[in-house]
Amino acid sequence: MTTFRLTPAVANAFPDALIAVVTATGLRGREPWPATADALEDLEQQLAAGAWQPADEHDPRIEAWRTAYRSFGTNPRRIRPSVDALGRRLAKKGALPRINPAVDSYNAVSVRHGLPAGAFDLDRVTGDVEIRYAHGDETFTPLGEPGTTEHPGPGEIIYTDTTDVLTRHWNHRDAHRTRVTEDSTHVAFLLETLHATRDGDILKTAAEELHGLLAPHAQQCAVHYLGPAHPEATV
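Residues numbered from 1 in each chain as written. Predicted model: local features only at pLDDT ≥ 70, side-chain atom pairs only at ≥ 80, totals over all residues. Heavy atoms only, no water.

Topic: the pattern of salt bridges
Thinking step 1. According to the stated counting rule, one finds 26 salt bridges in the structure shown.
Thinking step 2. The salt bridge involving arginine 66 is made with glutamate 63; its shortest N-O contact spans 3.6 Å. You can see arginine 66 and its partner glutamate 63 sitting in helix H3 (residues 60–71), 3 residues apart, about one turn around the helix.
Thinking step 3. Using a relative accessible area of 2% as the deciding quantity, one classes arginine 66 as buried.
Thinking step 4. A residue is classified by how much of its surface remains accessible, and glutamate 63, at 28% relative accessible area, is partly exposed.
Thinking step 5. Here glutamate 156 ties to arginine 168 by a salt bridge, and the two come within 2.7 Å at their closest N and O atoms. Of this pair, glutamate 156 sits in the loop between strand S4 (129–133) and strand S5 (157–160) while arginine 168 sits in strand S6 (residues 165–168), placing them 12 residues apart in sequence. We note that glutamate 156, like arginine 168, is buried.
Thinking step 6. In the salt-bridge network here, residues are joined through shared partners; they are Glu57, Glu63, Arg66, Arg70, Arg77, Arg80, Asp84 and Arg88. (Salt bridge = Lys/Arg side-chain N within 4 Å of Asp/Glu carboxyl O. Helix = DSSP H or I, 4+ residues; strand = E, 2+ residues; numbered from the N terminus. Buried < 20%, exposed > 50% of the residue type's maximum accessible area, 1.4 Å probe, protein only.)

Here it is in structure tokens:
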């Protein structure tokens, strides 16, 4: 079991935050996922037809994260929240990347609902996971760069386990060690909002949508929530 914990300092700074943790066990990442393929194609077709656009930096869901980034010293024009970067890529290229079915699923849900998303292979996570302010001496190896070591800035919000940093700048980029591959079988997927009173229903809809994409390809799926009122979730 892994406990996800929102530390008091972060909870106090962001009292309306809400995070959905969608877990899947017995995941089968090497079989066809037709519903995920359809979800990606549907977004791309709607974009091409002018019927829908991804949320941009003027959308309140994205602007909230840009403001949060500035509060802990990150320039959101240079280092973007994941959903901002993903939406900009889709708007520019007209297509979302195809990584693997599990990652493609949370990418589709993220950009459709304008919410940052990420995922950790829980078999590669050590101990519990905390969302906290960095001290500055932690280490981080970026996704796709196994030979690179970075250090978060002091005061930057990070996800971290007992080994090192899992995500920098709250939700900008995940770590290489806990990346989700076709062979990952025990995964925690994350969806986040900073304004639950406004966007909580969007978050819950997105979490259920992601659950629906994962469930046909897993032995078991569940949705958990954590926020200032309930700062821990054991998955």
